[in-house]
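Overview (structure and organization)
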Amino acid sequence: MRHALEGIIKTDFDSLRYYYLGANWQRKVEHVGAKPAADLGGTLIV
């Protein structure tokens with residue numbers, strides 16, 4: 001699924017974020033695409 005999604009997006013404009021669930025969540029966020037990842041130590045509004 002990851003390969004398919006990354007083949008569809010335009011990385012200059014779009015972005016994806018993968019969240020790997022578990023005990024140490026801060027080290028398990030991966031960002032692909034246009035914008036840099038958010039600071040998950042700060043306030044995050046979804």
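Look above for the structure.
First, a word on scope: everything that follows refers to the structure included in this document.

Reading guide: rules and limits
Residues numbered from 1 in each chain as written. Predicted model: local features only at pLDDT ≥ 70, side-chain atom pairs only at ≥ 80, totals over all residues. Heavy atoms only, no water. Salt bridge = Lys/Arg side-chain N within 4 Å of Asp/Glu carboxyl O. Helix = DSSP H or I, 4+ residues; strand = E, 2+ residues; numbered from the N terminus. Buried < 20%, exposed > 50% of the residue type's maximum accessible area, 1.4 Å probe, protein only. Patch = residues over 30% accessible without salt bridge, like charges linked within 9 Å, V, L, I, M, F, W, Y side chains within 5 Å. Areas by Shrake-Rupley, 256 points an atom, 1.4 Å probe, with all protein chains shown as cover. Pairing = 2+ DSSP bridges.

1. A closer look at the pattern of salt bridges
Overall, the coordinates contain two salt bridges when judged by the stated rule. Notably, a salt bridge pairs E6 with R2, separated by 3.0 Å at the nearest N-O pair. Placement of the pair is E6 and R2 together in helix α1 (residues 2-8), with a separation of four residues, close to one helical turn. Assessed through its relative accessible area of 29%, E6 is described here as partly exposed.

2. Things to note about a nonpolar patch on the surface
A contiguous nonpolar surface patch, about 370 Å² in accessible area, is contributed by M1, L5 and I8. Secondary-structure assignment places I8 in helix α1.

3. Here we look at the pairing of strand β1 (residues 15-19)
Burial of the side chains of β1 is restricted to one face: L16 and Y18 are buried, whereas none of S15, R17 and Y19 on the reverse face is. Relative to strand β2 (residues 29-33), β1 runs antiparallel, the two sharing five bridges. Across the sheet, residue L16 finds its bridge partner in β2, namely V32.

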